[in-house]
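Per-entry structural report
Spelled out from the first residue to the last, the chains are:
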Amino acid sequence: MNWGTELWDQYDNLASHTQRGIEFLDKYGNFVRDRCTIEQEYAAKLRRLVKNYQPKKKEEDDNEFTSYQAFKNVLKEIGDLAGQREVVAESLQIQVSNAITLLSKNLREERKKTLTEGSNLTQNLTAQVLALDRAKKNYEKAYRDSEKALENYQRADADLNLSRAEVEKQRHNMTIKSQQSDDAKNEYANQLQKTNKLQQQHYESALPDVFNRLQEIDEKRTRGLKEFIKGAADAESSVAPIIARCLEGVVIAAESIDEKEDSHKAVEKYQSGFLPPGDIPFEDLSKMDPDLSNHSQYHSATNVNNHMTHRGTIGANKLKKRTGIFGIFSSNKKLLEACITVKNTLSTDGMKEDYSDLPPNQRRKKLTSKINELKHKIVQETAAHDGLMKMKSVYEANSLLGDPMSVEGQLNESAHKLEKLKVELRKYQQYLEQANSVQIAQHSPQSHRNLQNGQRMSRHSNGSGENEDGDDQPDDAGSLSSSSASPESGLGTSHTSLPGSGQGSANDQVMNEDMYYEAEPLQALGTCKALYPFDATSEGSIPMSENEELQVIELDQGDGWTRVRRCTGPNGWEEGFVPTSYIESTLYA
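Read on for an overview of the structure.

Definitions and limits used
- Residues numbered from 1 in each chain as written.
- Predicted model: local features only at pLDDT ≥ 70, side-chain atom pairs only at ≥ 80, totals over all residues.
- Heavy atoms only, no water.
- Helix = DSSP H or I, 4+ residues; strand = E, 2+ residues; numbered from the N terminus.
- Contact = heavy atoms within 4.5 Å.
- Phe/Tyr/Trp six-rings, centres within 6.5 Å; stacked < 30°, edge-to-face > 60°.
- Buried < 20%, exposed > 50% of the residue type's maximum accessible area, 1.4 Å probe, protein only.
- Expected span 1.5 Å × (residues − 1).
- Lys, Arg positive; Asp, Glu negative; His and termini not counted.
- Salt bridge = Lys/Arg side-chain N within 4 Å of Asp/Glu carboxyl O.
- Pairing = 2+ DSSP bridges.

A tally of regular secondary structure across the protein chain gives 12 helices and nine strands. Put simply, 73% of the contacts in the protein chain that link residues at least 6 apart link residues at least 24 apart.

This part covers the packing of aromatic side chains. The description of an aromatic ring pair rests on the distance of the ring centres and on the angle between the ring planes. Summed over all chains, the structure comprises 10 aromatic pairs. Here the aromatic rings of W8 and Y203 are separated by 5.4 Å at their centres, their planes lie at 90°, and the arrangement is edge-to-face. Pair noted here: W8 is in the loop between α1 (3–6) and α2 (11–52) and Y203 is in helix α4 (residues 164–237), with a separation of 195 residues, a long-range link. On the basis of relative accessibility, which here comes to 42%, the residue W8 falls in the partly exposed class. With 6.0 Å between their ring centres and 65° between their planes, F534 and W561 make a pair best called edge-to-face. Pair noted here: F534 is in the loop between β5 (526–530) and β6 (549–554) and W561 is in strand β7 (residues 561–566), with a separation of 27 residues, a long-range link. Exposure class is identical for F534 and W561. Each is buried.

What follows covers helix α9 (residues 408–437). Across its 30 residues, α9 extends 43 Å between first and last C-alpha, which sits within 8% of the 44 Å expected from 1.5 Å per residue. For α9, the set of buried residues is L411, S414, L418, L421, L425, Y428, Y431, L432 and A435. Where α9 is buried, its residues contact α8 (360–397).

Glancing now at the side chain of K370. Position of K370 relative to the elements: it lies in helix α8. Salt bridges are absent for the buried K370, whose nearest opposite-charge side chain, E424, sits at 4.3 Å. Not counting residues up to four positions away in its chain, the partners in contact with K370 are Y355, E424 and Y428.

Of all the six residues making up β7, six are buried; the element is thus mostly covered by neighbouring parts of the structure. Side chains W561, R563 and R565 of β7 all project onto a buried face; the interleaved residues T562, V564 and R566 project onto the opposite face, where all are buried too. Here β6 pairs with β7 via three bridges, running antiparallel. Its bridge partner being in β7, V552 is matched across the sheet by V564. If you look at the hairpin formed by β6 and β7, you'll find six residues sitting between the two strands, and G558 has a positive phi there, around 100°.

Structure (structure tokens):
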């Protein structure tokens, strides 16, 4: 079936139908463009989402957990998914939207040309019909005039009163009108034949051709719409395998999460290396030293304003100079300044250079990581130095290639940097060896001192040392210069082998011990609260119960111990060391 045969008299409807079809194609084109915009916005929002949820630099330490790694992989897959949505949008834009625009333009031009031709054909037929009507009217008028002239002639010829001249005039008029009538009749017949021929051609061939072309235009539009819809589906189905792989990657990332492995890594990351506190000893008040009962309780009246609470180790920005133990060095200001300088040496990340303010396990991990980093830098710098050496040898062999002295400065700088890295590597290796050697000793505040002296010493409140045989004697000089974790020495791990300390005389040692254990109590630096109960199983330490309030009189020097005072003891006040990780400290402003 074709429009030229079936719809020969529906010119206006066909013109309207083809116009609505092209407008519908434009409507689908607008739909595709809007979908492209949505796909692009969706992809952009997905990328922005991935960017916003990328792990921050401060969260890098958590990336070792499988759950964090899985989430990073999910973000990567979502980013790839966003890329595929962009591919879909681009394909829709190029293969569908632009093609629709071009087809719509061509269809409009063809329709306009076809309708113009149909309009011309219709106008020609209409003009011919009008000409036929005029010829028919002229023929009718001429025929009536001829009949009237014939009637007038017959009446004049029958009238005997009229002259011959009058009769001849009527005859001549009749002849003229009769000729005019014949001419009009012939013209009418001619126009009728011409009109019928044109009308037959118009409705049988010319106008059907126009309608068939309109049909082709409409079918082309319909066929194009079909291909465009399929093309839009193909644009998305072409990336469907990649999207499926992205989703498979998300599933694989989810399956890679191992809760047991994360728990194990959490233990490795946060394990301090300290032993849990032992049983709390029973304190028999009847056997306490009566001399200590006369001491009055000492409370600091300093207002606590703008203080900071620290859990475990006190931050480096709150470190204060010790007031009690460093009194023994008042005669040697340079040595005191050297001790403070060593104490305040911090790394670039705000921690101590040897990471001694961290728990043992964490310290060893930090040191190991730092050593590996330095080794990597040494390998890189060595390769650069070797390259400069080869360049210099080539220049020396052929001076045309370059001046050997031009790389001399770079060689010196590289050698200096390499030597500096090696020195720093040896330093951190020593720190690691020290951390490994004191791994077990850190559980006791007196263990290092006992290992250095070679015998077990106990300290009385009057400052004298007593060996296992019960004889009182002052500590030897090595206890101050080599003890790295003894709380009684007043020095932390950073005070090992103080420069210029020497061995000293026995009298000086006794005097120093007496100055350290003078009766006047040290000024409180703040207060602390026991987070866990602690059983003082080693000398120099004191027990504490959970949530007990104590005074801080000496800060942690990196050995993991803080010196505190109990003001409500049986003897008025009691001093000793407790693990820093067992307390929460609040320093006075």
